[in-house]
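Survey of secondary and tertiary structure
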Amino acid sequence: MEISELSEEIVLAANSKGSSYLRVIWDTIFNPSQAFGALRNKPRWLIPYLISILIVLSSLAFTSNIKMEDIKSDIRSSQNLSQAEIDRRVGNIDAQGTPGVSWPMVRLAILAVTAIQTIKLFGIALVFWLAYHLIKPQISFKQILAVCSFSLLILIPEALIKIPLILAKGTTYIYLGPAVLLPIEWKYSPLFNLLNRLDVFSIWMAVLLIIGFSIALDVSKRKAAITVGYIWGIWLLISMFVGDLVQIG
């Protein structure tokens, strides 16, 4: 995306009424038809993208220590490692831990999260742009980008529910979908990976994408649902075998 377009987005955000922009963000969660209707003539994407980065960084700040404990617990319970290898790996993790706030680590986290969220947003948008380009060749990439960016705001309710649960239970292994029905010992199996990605927030995001594309791009809900369904299905199949290496939302 060119710098001029980034500047245009910032100017639009600054010149528009604050309540109107906040209203679109609010409506994305509670009244998506209204929100995506507002994006049809004025596609915007920068502010939701920045919000998604802040949410992920906040989640890391609250849960990173618990995540490290989960990793160490997994290493200790591994049946494929010798005791010496277990001690070595756990020792390496403990050695990397620093008390208080380490500003070099904070900067690294900000850069890493920004890079990941950028790749995620533009990657998703590119995939859908290529798919919808077959249906409607004159379709605007910025419209696709706007729908994808606002759909990522599903991270807000997800964080509001997951972070308190993680802090209360002392583990990041919190499942809000059919994966909760499987034994915890299956958590690295393809079936577990599949069911874990069928949680309420992934489904919610898929619904937002369908609504958003049908309204903002002026395509039928049937075509929007088929396109999102095919791409989501391919992502689910891939993520069955690569696990956490592939995540959308």
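Overview of the structure. Predicted model, so just to flag it, every value in this text is computed and none were measured.

Some words on helix H6 (residues 103–133)
In this model, H6 (31 residues) spans 44 Å end to end at C-alpha, consistent with the 45 Å of a helix rising 1.5 Å per residue. Tucked inside the fold, the buried residues of H6 contact helix H4 (46–76), helix H7 (141–151), helix H8 (155–169), helix H10 (200–216) and helix H11 (221–242).

Comments concerning the nonpolar core
Soluble globular proteins tend to bury their nonpolar side chains together. Among the nonpolar cores identified, the biggest contains 41 residues, and Phe 128, Tyr 132, Ile 144, Cys 148, Phe 150, Leu 209 and Phe 213 are the most heavily contacted of them. Elements that contribute at least two residues to this core include exactly helix H2 (18–30), helix H3 (32–41), H4, H6, H7, H10 and H11. Ranked by residue count, the leading element in this core is H10, at eight residues. Once residues within four sequence positions are removed from consideration, Phe 150 is found in contact with Tyr 21, Val 24, Ile 25, Thr 28, Phe 36, Leu 39, Arg 44 and Pro 48. Tyr 175, Ala 179, Leu 182 and Leu 195 belong to the second-largest nonpolar core, a separate cluster that totals five residues.

As for the packing of H6 against H11
Where H6 contacts H11, the two axes come as close as 11 Å, and the packing angle between them is 130°. Between H6 and H11, the crossing angle belongs to the class labelled oblique. At the point where H6 passes H11, the crossing takes the right-handed sense. Where H6 abuts H11, its residues Val 127, Phe 128, Ala 131 and Tyr 132 lie against Lys 223, Ala 224, Thr 227, Val 228 and Ile 231.

Some details on H10
With 17 residues, H10 should cover 24 Å at 1.5 Å per step; its first-to-last C-alpha distance of 24 Å lies within 8% of that length. What H10 keeps buried is the set Phe 201, Ser 202, Met 205, Ala 206, Leu 208, Leu 209, Ile 211, Gly 212, Phe 213, Ser 214 and Ala 216. Backbone geometry just downstream of H10 places Asp 218 in the positive-phi region, at approximately 60°.

Structural notes on the side chain of Lys 72
Turning to its location among the elements, Lys 72 is positioned in helix H4. In this structure, Lys 72 is in contact with Val 90, Ile 93 and Asp 94, ignoring residues within four places of it in sequence.

Details of a nonpolar patch on the surface
Side chains of Ile 234, Ile 238, Phe 241 and Val 242 sit close together on the surface and give an oily, nonpolar patch of about 390 Å² of accessible area. Looking at the secondary structure, you find Ile 238 in helix H11. The class for Ile 238 is partly exposed, based on a relative accessible area of 44%.

The rules behind the values
- Per chain, residues are indexed from 1 in the order of the written sequence.
- With pLDDT at 70 or above as the cut-off, local features in this predicted model cover only qualifying residues; side-chain atom pairs require 80 or more to be listed or tallied, and sums for whole chains, interfaces and linings still use all residues.
- Side-chain metrics in this entry use all non-hydrogen atoms of the structure; hydrogen atoms and water are not considered.
- Under the scheme used here, helices are H or I runs from DSSP no shorter than 4 residues and strands are E runs no shorter than 2 residues, and both carry numbers assigned from the N terminus.
- Expected helix span is computed as 1.5 Å times (number of residues minus one).
- By definition, residues are in contact when any of their heavy atoms lie within 4.5 Å.
- For our purposes a nonpolar core is just a set of buried Ala, Val, Leu, Ile, Met, Phe, Trp, Tyr and Cys residues, chained together by side-chain atoms within 4.5 Å.
- The buried label applies to any residue whose accessible area, calculated with a 1.4 Å probe on protein chains only, is under 20% of its type's maximum; exposed applies above 50%, and partly exposed to all values in between.
- Here, axes are lines fitted to C-alpha atoms. For helices the fit covers the stretch in contact, and angles between N-to-C directions go from 0 to 180 degrees.
- Reported orientations rely on four angle classes, namely roughly parallel under 35 degrees, roughly antiparallel over 145, roughly perpendicular from 65 to 115, and oblique for the rest.
- Two helices that cross are described as forming a left-handed crossing if the nearer one is turned anticlockwise from the farther one by less than a right angle, and a right-handed crossing if clockwise.
- Without a salt bridge and with relative accessible area above 30%, a residue can belong to a patch; like charges are then joined within 9 Å and nonpolar side chains (Val, Leu, Ile, Met, Phe, Trp, Tyr) within 5 Å.
- Here the Shrake-Rupley method, with its probe set to 1.4 Å, supplies the accessible areas, and only the displayed protein chains count as covering residues.
- Basic side-chain nitrogens of Lys or Arg form a salt bridge, by our definition, when they fall within 4 Å of a carboxyl oxygen of Asp or Glu.

Structural measurements only, silent on function.
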